[in-house]
Structure formats: C-alpha cells, structure tokens
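Topology and contacts: notes
These are the residues of each chain, in order.
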Amino acid sequence: MAKVRLEDIKRRFNNVTAIEDISFEIPDGEFWVLVGPSGCGKSTILRTIAGLESATSGKLFIGDSLVNNVPARQRDVAMVFQNYALYPHMTVAQNIAFGLQMRKVDSKIIQERVVNVARSLSLEQLLNRKPKQLSGGQQQRVALGRAIAREPQVFLLDEPLSNLDAQLRDDTRAELKQLHQELGITTIYVTHDQVEAMTLADKIVVLNRGRIQQIGDPQNIYARPANQMVAAFLGNPPMNILPAIYKDDGFDVSGQLLAIPSYMQDNLRLPQGQNFNLGIRPEHIFINEPQQAAENQNQLVVEVKVVEPLGRETLIRAALVKSAALLNIQTSGNVRLHPGDRLSLQLDLNELFVFDPK
Ligand code: ADP
C-alpha cells in the first residue's frame, strides 16, 4: 500500500488541455473517487497514475518515489476497466493467476492467492469456468480478483460497474466497499455516477473541464458545495437552481419575493439589483398547509406538473406560476397531489445557496 501524490499535473493532447493544475495527496489506504461529467479529465488522471499516459508537466509520486519516468508495469498498480477484458480461453482460476505467472511468482504462492481472492469475492464455485459461462457481474468480480491477486500498492478502477444492470451494480458496489475495508489498499475510482461517488468515497474529487472544483468528504461536499457546478452535480434529484435578483432586501425569484433575514443580508454583501442564481436542494423545500399559505408573505407559488411516488418519499416537479421555471421538491411518501394543483412552498432559508450566474 502507498500514498499517491500529484503535484500540478497537466496533460495536453496537441492543442487540447485535458487536465491542468491537478494536485492532491491520497493518504495510504484511503478510497478516493474522481467524479465529474464525461470529458472532464477523470480517465486521463487515472491513466497518468497508471503510467498509460505521461504527464505533460507536474510530478507524480507513488509512496515516496517520483514515478513520472517509471514504466507502467513497474509502478506496482493494478487497473480495472469497465470492459473487464478477461482472457476468454482461460478459466477463472487461470485468469486470476495470469498476472502472477507473468511475474514468475512461485506456483504454490499463486495457488494460495487464487484461493484467497476467490474466497473474498465469492468466486470459489466458479474457478473452473470460462468467462463466457459467467454473468456480467461475475466477470467483473473476476477482473477485480485478477487485479487484487497481484497485491498492488494502488488499485485503480475506471467505471468498473457501468456495464452492470442496476441491481447488480448496487450489490457489486457494496462488495467493493467491503473489499476495501478488508484489504485497505489505496484505491482511486473513476465514475460519472454521483451515487457511486457519494457511497464509496472517503474523499471525492469533483472535476470539470480538466480542473479540480472541490475535494472533500461526501457529506461535506454535499452540504457545502464550492460552486454551482458541484452543487448541481452531486444530489439526486439535483439541487434546484433558480435565476433571481437581489432587491428590496429580499430575493426576487421570477416576480415572487422571498424576504431574507438580516443576518443573511449581512453575510451576502450583494448589491441591490444584482442578478444571481439561487440554489436550494429538493429536501429543503416544504409545502405549506392552506392556512399557512394564506398568512405567509414569504412563499413561492407553484403549479404541480408531475408527481412521482417512490414509496418512502414522493418527488414533485412543479413550475413557478410566474415564470414556468421548474422546481424539484422531495416530500413524504403519503402526499396526495395531482398535476394542476397549486402549492405554496416554504424554503429553508438556512439552506439557500447564492451562485454567480456566469
Ligand atoms: P473523462 O474520463 O472525464 O470522460 P477524459 O480524461 O477521457 O475524460 O478526457 C478529457 C479530455 O481529454 C477530453 O476533452 C478528451 O477528448 C481529451 N482526450 C483524452 N484522451 C485523448 C487523446 N488520446 N487524444 C486527444 N484528446 C484526448
């Protein structure tokens, strides 16, 4: 196991800068997730750590060694891709053993490792099968097993669950987390799926357009996103982002005025007339009872468009009556609402975010 440190890593492909200013240090044994939309540079970072790409500039350390010029196979890292790429003519046991045989590891040790890996991934019954006799989930477990058997210093995973169907993806995700708890190998995991990022990570690195937007533990990033991109990316349904104007000591949201407590105004320091984007998570919006609605000056009025009962909770998509801007609202499972209903909403003012509209 080893820590991994990137210092100001940059990678250009001809005229395209894929990543830049990439700096972080992953402590030994932690599970970090690189997350962001397609094309943001996640795979380039991972491939650079693996040695499959070389950095245009910057320094990369694995443990205490500078490895910029160390070839991939000498870096003591193992990588698993989304297309598991097993050897089709080999059995599961042979696939797991292959990397060790190439390294001329003693055959008794290989056998032991195959048995141990098979046990920790529940593959014992499948060791004599060929890949085509396995389900997608089982194949991916074999690919993981092949990587683990090498006992690498660092484990690199590039969207390893994206070819699995939903149920299998959830199960394998939980297995991966457990496996990491058992083995404690420093792990770097790339995904565009924010649920995977939130559930697996000790720390999340959010990327956009080749740059780091925020690094932090999942709860903290969710509660205190550094900017609108991070806020809108993490969360399902995503944070609501509404264009607003600061005026008359309140927020004008499409012609509906939210009065803002004075302590918030002091912190905001927005000039009157300033345009900005207001962020509010779906779980921080509450539906007023009719009585409250009649009395409340500080509310947004919306028309229900879609109601999605999910059992434990209900998701409502509703449009602001004066602008048709859509809002996601997460509420309890037992509301009885229909498209066309008018609602008065109360926002949790402590959970509002103010973002630069640029
Ligand atoms: P992600 O993994 O987040 O989807 P990538 O790291 O694959 O993103 O790509 C980041 C950017 O670098 C993209 O704009 C992509 O087009 C570009 N890129 C990646 N690899 C190459 C390459 N081999 N040649 C040219 N451009 C590349």
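Residue indices follow the written sequence of each chain, beginning from 1 at its first position. Note on the predicted model: pLDDT of at least 70 is required for a residue's local features to be given, and 80 or more for side-chain atom pairs to be given and counted; whole-chain, interface and lining totals, by contrast, use all residues.

A few words on the overall build of the protein. A tally of regular secondary structure across the protein gives 10 helices and 20 strands. Here the C-alpha coordinates of the protein stretch approximately 80 × 45 × 35 Å along the principal axes. Here the C-beta atoms are placed from the backbone, and a residue counts as buried if at least 20 other C-beta atoms lie within 10 Å of its own, exposed if 12 or fewer do, and partly exposed otherwise. Going through the 358 residues of the protein one by one, you find that 35% of them count as buried. Any two residues are considered in contact once their C-beta atoms, placed from the backbone, lie within 7 Å. Within the protein, residue pairs in contact and separated by at least 24 positions form 67% of the contacts whose partners lie at least 6 positions apart. Helix numbering and strand numbering both begin at the N terminus, where a helix is a DSSP run of H or I of at least 4 residues and a strand a DSSP run of E of at least 2.

Think of it this way: DSSP has to see at least two bridges between two strands before they count as a pair. The sheet built from six strands is open, its strands ordered β6-β7-β8-β3-β9-β10 with mixed pairing. With partners counted over all chains shown, the strands left at the sheet margins are β6 (77-80) and β10 (211-216), one partner each. Pairs of neighbouring strands in the sheet enclose a mean axial angle of 15 degrees, with direction left out of account. With four bridges joining them, β6 and strand β7 (residues 154-158) adopt parallel strand pairing. Residue pairing in the sheet places Met79 in a bridge with Leu156 of β7. Helix axes use the C-alpha atoms of the stretch in contact, all axes being lines fitted to C-alpha atoms, and the angles between their N-to-C directions lie in the range 0 to 180 degrees.

Domain boundaries assigned for the protein yield domain 1 (4-228) and domain 2 (240-355). For the purposes of this description, domain bounds are those given by an automatic or database domain assignment. Measuring from the centre of the C-alpha atoms in domain 1 to the corresponding centre in domain 2 gives 40 Å.

For the rest of this paragraph, the subject is the site of the ligand. For each residue, a C-beta atom is placed from the backbone, and the residue counts as near a molecule or strand when that atom lies within 6 Å of it. Within the structure, the ligand sits among Phe13, Val16, Ala18, Gly36, Ser38, Gly39, Cys40, Gly41, Lys42, Ser43 and Thr44. Per element, the largest residue contribution to the shell around the ligand is three residues, and it comes from helix α1 (residues 42-50). When residues are grouped by polarity, Ala, Val, Leu, Ile, Met, Phe, Trp, Tyr, Cys and Pro land in nonpolar, Asp, Glu, Lys and Arg in charged, and all others, Gly among them, in polar. Broken down by class, the residue content of the shell around the ligand amounts to four nonpolar, six polar and one charged.

Alignment of strand β12 (residues 250-253) against strand β13 (residues 256-259), held across four bridges, turns out to be antiparallel. Residue Phe251 lies in a different strand from β13, and its bridge partner there is Leu258. Between β12 and β13, which pair antiparallel one after the other, the connecting turn spans two residues, and Ser254 there sits at a positive phi close to 50 degrees.

For the rest of this paragraph, the subject is the pairing of strand β1 (residues 4-13). Pairing between β1 and strand β4 (residues 57-62): five bridges, direction antiparallel. Paired with Glu7 across the bridge in β4 is Lys59. As judged from the seven bridges shared by β1 and strand β2 (residues 16-26), these two strands associate in the antiparallel manner. Residue pairing for β2: Arg12 is matched across the bridge by Thr17. Following β1, the chain reverses through two residues before pairing antiparallel with β2; Asn14 in that reversal takes a positive phi of roughly 50 degrees.

Turning to the sheet that holds β2, a few remarks are in order. A sheet is described by the order of its strands in space; here four strands give the open sequence β2-β1-β4-β5, paired in antiparallel fashion. The open sheet is flanked by β2 and β5 (65-66), the only strands paired with a single partner. Relative to β5, β4 is paired through two bridges, and the arrangement is antiparallel. Paired with Phe61 across the bridge in β5 is Leu66.

We define the nonpolar core as any set of buried residues of the types Ala, Val, Leu, Ile, Met, Phe, Trp, Tyr and Cys, connected via C-beta atoms lying within 7 Å of each other. By size, the foremost hydrophobic cluster in this structure holds 86 residues, and its most contacted members are Val33, Leu34, Leu156 and Ile188. A total of six residues in this core trace back to one element, the largest contributor, which is helix α4 (residues 136-149). Of the residues that make up this core, three or more belong to each of domain 1 (4-228) and domain 2 (240-355). In this view, Leu156 contacts Leu46, Ile49, Ala50, Val77, Ala78, Met79 and Ile188; residues no more than four positions away in its chain are not counted.

To continue, consider the UniProt feature "domain: ABC transporter" (unreviewed entry) in the protein. UniProt positions are given in the numbering used here, feature names are shortened, and annotations may be inferred rather than shown by experiment. As recorded in UniProt, the sites labelled "domain: ABC transporter" (unreviewed entry) are residues 4-234. This span, residues 4-234, is 37% helix and 26% strand, and a straight line between its end C-alpha atoms measures 25 Å.

It is worth spelling out unusual backbone geometry at this point. Residue Pro237 is reached from Asn236 by a cis peptide bond, and omega for that bond is 0 degrees. Positioned with a positive phi, Arg209 is a non-glycine residue whose angle comes to about 50 degrees. Here Arg209 falls in the partly exposed class, since 15 other C-beta atoms lie within 10 Å of it. Positioned with a positive phi, Ser254 is a non-glycine residue whose angle comes to about 50 degrees. Tracing the chain through its elements places Ser254 in the loop between β12 and β13.

Here the focus is the packing of helix α2 (residues 92-102) against helix α3 (residues 107-120). Running from N to C, α2 and α3 cross one another at 135 degrees; their axes reach a closest spacing of 10 Å. On the basis of their axis angle, the class for α2 and α3 is oblique. Here α2 and α3 pass one another in a crossing that is right-handed. Contacts between α2 and α3 involve Ala93, Ile96, Ala97, Leu100 and Gln101 from the first element and Ile110, Arg113, Val114 and Val117 from the second. For the contact of α2 with α3, the per-class residue count stands at seven nonpolar, one polar and one charged. For classification, angles of less than 35 degrees are called roughly parallel, those exceeding 145 degrees roughly antiparallel, those between 65 and 115 degrees roughly perpendicular, and all remaining angles oblique. Should the near helix be turned counterclockwise from the far one by less than a right angle, the crossing is left-handed, whereas a clockwise turn marks it as right-handed.

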